[in-house]
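Remarks on the overall topology
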Amino acid sequence: MFLSSISSQPAGLRPLFFTEVWERMSYYGMRAMLVLFMVDAIENGGLGITDKNAVAIYGIYTAAVYLLALPGGWIADRLIGARRSVFWGGVVIASGHFTMAVPGSYSFFIGLMLIAVGTGLLKPNIAGLVSALYDENDRRRDAGFTLFYMGVNLGAILGPLVCGGLGQSDLFGWHWGFGAAGVGMVLGLIMYRRGEHKLGDAGMAVSAPYENPQKAWTIILSGAALLISVFSAIALGWIDISPQVLAVYTAQFISAVFFLYFGYILFFGGLNPQEKKSCYLILTLCIASAIFWSGFEQAGSSLNLFADRYVDNTIDSLSFTIPSSWYQSLNPTFIVLLAPLYSMLWIWLSKRFLEPSSPVKFAFGLLLLAAGFAVMIVAAKIVTGGGLAAPYWLVLTYLLHTMGELCLSPVGLSAISRLSPKSYVGQMMGLWFCASAIGNILAGLLAGHFDSESLQDFPDIYMQIVVLCGVAGILLLVFAKPLKRLDPSNQQKES
């Protein structure tokens, strides 16, 4: 099924697909261990950080990954092109993973920020390369992005199993897991270079060259060094500010950056009336995306800790305890199984002119996310009753979340790349990931409310997430028709 699906796509999709497999293996392998490593006792090789501070740092880090996609898109659009951005982003990511493999708090936080910087450079631009493989009205576009998203999740399956397995084992330890993530990124770079010729001219040109590249690079490198230094100093306690307070300031800063930059492009970017309409639709999708990720990204923080502490992970018949990080492979496993089905479904519906619009797909994604947290209300009540939750509660939650993700994330990538004004594709991709950054930082703040000393509050917190996501999904359904009119492809069909 997979081979027949990808063979019908442009040849350039294959090297990008396999590059993303290994890059995501490195990212999600490290991500699965991150909070568990930070809260683990120092004598066990961890950092001994409190839950609230650990999830706040996690939120700041994952937000930084997405926020830095904005300058990453600018660098590709104005300085070096998407093709080179992807390669050098991968080099920085690999350097970060290998730095984290060196024991020590300072190397850990330096490595963490190197990965954020490198991912910000790679992530929006590899999606832009995928977009460049298709014409605007190519019906294969959504299917192609869904297959690309399948590659993301093949890597995300391997990462927790390999890196988490090494990190949580008594024989190896956390830093072996971080090192394995670096090896994964190096393999991704090799795959990229070997298949780069299949991309043709995609991503080689700089769409709008900046008039003073030397000045731009001076500002960029100085800003990156400052970011790494300040965050590391705060994380190590050299600057006296709580990670939770920093997370709040970060959320406010990212939101301001998002709306100010979006407003600049909208009102001062020289857009024509149709491009402005498309931007209003992009803004709506970005806000919906931020809400979705604020709930979905509990996977790496509060749900990860729930799996580690409140789930019966022992398989008595095998005398084996499941590493809690392995639950992070459930979501990508479901995506690999379901992505081809979703891809075929969108094509089948499109041929019959029945395919839902992007806002409707987003609404389904939010409603399925709400359903997943409704399941967690039941699991939390079992725990508050004094027992351990069975693994199948988490399995069902991740299944529903995955179904929602497939309605939103690959569809969003495709929609943003299609709707973006031609001279702002990289930056619009950056804004899309900036919205994800807002969702991630909010996820970290929300995860801080899951206090192990107040288990009785867990069901109510899950209910709040259900209500937020459910209401957002219903609003998108209500306003689906007027939003659809903002899409130029629909206007062309109507005319």
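Keep in mind that what you see is a predicted model, and the values were worked out from it rather than measured.

We now examine the overall build of the protein chain. The number of helices and strands found in the protein chain is 18 helices and 2 strands. Since a compact globule built from 495 residues should have a radius of gyration of about 23 Å, the 21 Å found for the protein chain is in line with a globular shape. Across the 495 residues that make up the protein chain, the buried fraction comes to 58%. In the protein chain, once contacts between residues fewer than 6 apart in sequence are set aside, the share between residues at least 24 apart is 82%. A total accessible area of about 19,700 Å² is found for the protein chain, and carbon and sulfur atoms account for 65% of it. Each charge sign in the protein chain was given a centre, from 28 positive and 28 negative side chains, and these centres are 14 Å apart.

Applying the stated criterion across every chain, the model contains 27 aromatic pairs. Here phenylalanine 37 and phenylalanine 178 contribute two aromatic rings whose centre-to-centre distance is 5.4 Å and whose plane-to-plane angle is 90 degrees, an arrangement assigned as edge-to-face. Of this pair, phenylalanine 37 sits in helix H2 (residues 13-39) while phenylalanine 178 sits in helix H7 (residues 174-195); the two residues are 141 residues apart in sequence, bridging distant segments of the chain. Taken as a pair, phenylalanine 37 and phenylalanine 178 share a single burial class, namely buried. Plain terms: the ring middles of phenylalanine 292 and tryptophan 293 are 5.0 Å apart, the flat faces sit at 85 degrees to each other, and that makes the pair edge-to-face. Neither residue differs from the other here; phenylalanine 292 and tryptophan 293 are each classed as buried. Arginine 193 extends its terminal NZ or CZ atom over the ring of phenylalanine 87, reaching a point 3.9 Å from the ring centre. Sitting above the plane of the tryptophan 346 ring, lysine 361 keeps its charged end 4.0 Å from the centroid.

With that out of the way, let us pick up the confidence of the model for the protein chain. For the protein chain, mean pLDDT is 86; residues scoring 70 or higher make up 97% of the total. The least confident element of the protein chain, judged by mean pLDDT, is helix H1 (residues 2-7) at 56; the most confident is helix H13 (residues 358-384) at 95.

Our next topic: the side chain of serine 107. Structurally, serine 107 is set in helix H5 (residues 105-132). For serine 107, the contacting residues outside a window of four places in its chain are Thr99, Met100 and Val102.

Taken as a whole, this structure holds 7 salt bridges when the rule is applied. Among the salt bridges present, the one from glutamate 297 reaches arginine 31, with a minimum N-O distance of 2.9 Å. Here glutamate 297, found in the loop between helix H10 (273-296) and helix H11 (302-309), pairs with arginine 31, found in helix H2; they are 266 residues apart in sequence, far enough to count as distant. Residue arginine 83 pairs with glutamate 196 through a salt bridge whose shortest N-O separation is 3.5 Å. A residue pair is termed long-range when its members are at least 10 positions apart, and arginine 83 in helix H4 (residues 69-100) and glutamate 196 in the loop between H7 and helix H8 (213-235) qualify at 113 residues. Judged by its relative accessible area of 14%, glutamate 196 is buried. Among the ionic contacts, a cluster of salt bridges with common partners joins Arg83, Arg193 and Glu196.

Turning next to unusual backbone geometry. Of note in the backbone geometry, phenylalanine 353 takes a positive phi value of approximately 60 degrees without being a glycine. Its location among the elements puts phenylalanine 353 in the loop between helix H12 (330-351) and H13.

By size, the foremost hydrophobic cluster in this structure holds 157 residues, and its most contacted members are Met38, Phe108, Leu112, Phe306 and Tyr462. Here this core takes 14 residues from H2, the largest share from any one element. One finds Leu79, Ile80, Leu121 and Ala216 within the second-largest nonpolar core, a separate group that totals 5 residues.

Assignment of secondary structure puts glycine 167 in helix H6 (residues 141-167). Sequence separation between glycine 167 and phenylalanine 178 is 11 residues; the distance between their C-alpha atoms is 7.6 Å. Not counting the four nearest positions on each side in its chain, glycine 167 is found in contact with Met33, Gly173, Trp174 and Gly177.

If you check H2, its first and last C-alpha atoms are 39 Å apart, about what 27 residues at 1.5 Å a residue would give, namely 39 Å. The sharpest bend along H2 comes to roughly 35 degrees, located at methionine 33. In terms of burial, H2 is a largely internal element, 23 of the 27 residues being buried.

Turning our attention to the side chain of aspartate 51. Residue placement: aspartate 51 occurs in helix H3 (residues 51-67). Taking relative accessible area as the criterion, aspartate 51 reaches 17% and is therefore assigned buried. Within polar-contact distance, the side chain of aspartate 51 engages the side chain of arginine 309 at 2.4 Å. Other than its neighbours up to four places away in sequence, aspartate 51 contacts Val39, Leu305, Arg309 and Ser452.

Our next topic: a nonpolar patch on the surface. Together, Met463, Val467, Val471, Ile474, Leu475, Val478 and Phe479 make up a nonpolar patch on the protein surface, roughly 640 Å² of accessible area in all. Checked against the element boundaries, phenylalanine 479 lands in the loop between helix H16 (458-478) and helix H17 (480-484). Take phenylalanine 479: its relative accessible area is 46%, and that puts it in the partly exposed class.

The rules behind the values
Residues numbered from 1 in each chain as written. Predicted model: local features only at pLDDT ≥ 70, side-chain atom pairs only at ≥ 80, totals over all residues. Heavy atoms only, no water. Helix = DSSP H or I, 4+ residues; strand = E, 2+ residues; numbered from the N terminus. Rg over C-alpha atoms; globule rule 2.2 N^0.38 Å. Buried < 20%, exposed > 50% of the residue type's maximum accessible area, 1.4 Å probe, protein only. Contact = heavy atoms within 4.5 Å. Areas by Shrake-Rupley, 256 points an atom, 1.4 Å probe, with all protein chains shown as cover. Lys, Arg positive; Asp, Glu negative; His and termini not counted. Charge placed at Lys NZ, Arg CZ, Asp CG, Glu CD. Phe/Tyr/Trp six-rings, centres within 6.5 Å; stacked < 30°, edge-to-face > 60°. Lys NZ or Arg CZ within 6 Å of the ring centre and 35° of its normal. pLDDT = per-residue confidence, 0-100. Salt bridge = Lys/Arg side-chain N within 4 Å of Asp/Glu carboxyl O. Core = buried A, V, L, I, M, F, W, Y, C linked by side-chain atoms within 4.5 Å. Expected span 1.5 Å × (residues − 1). Bend = angle between axes of the 7 residues up to and from the residue. Polar contact = N/O pair within 3.5 Å; in protein donor to acceptor, adjacent residues only side chain to side chain. Patch = residues over 30% accessible without salt bridge, like charges linked within 9 Å, V, L, I, M, F, W, Y side chains within 5 Å.

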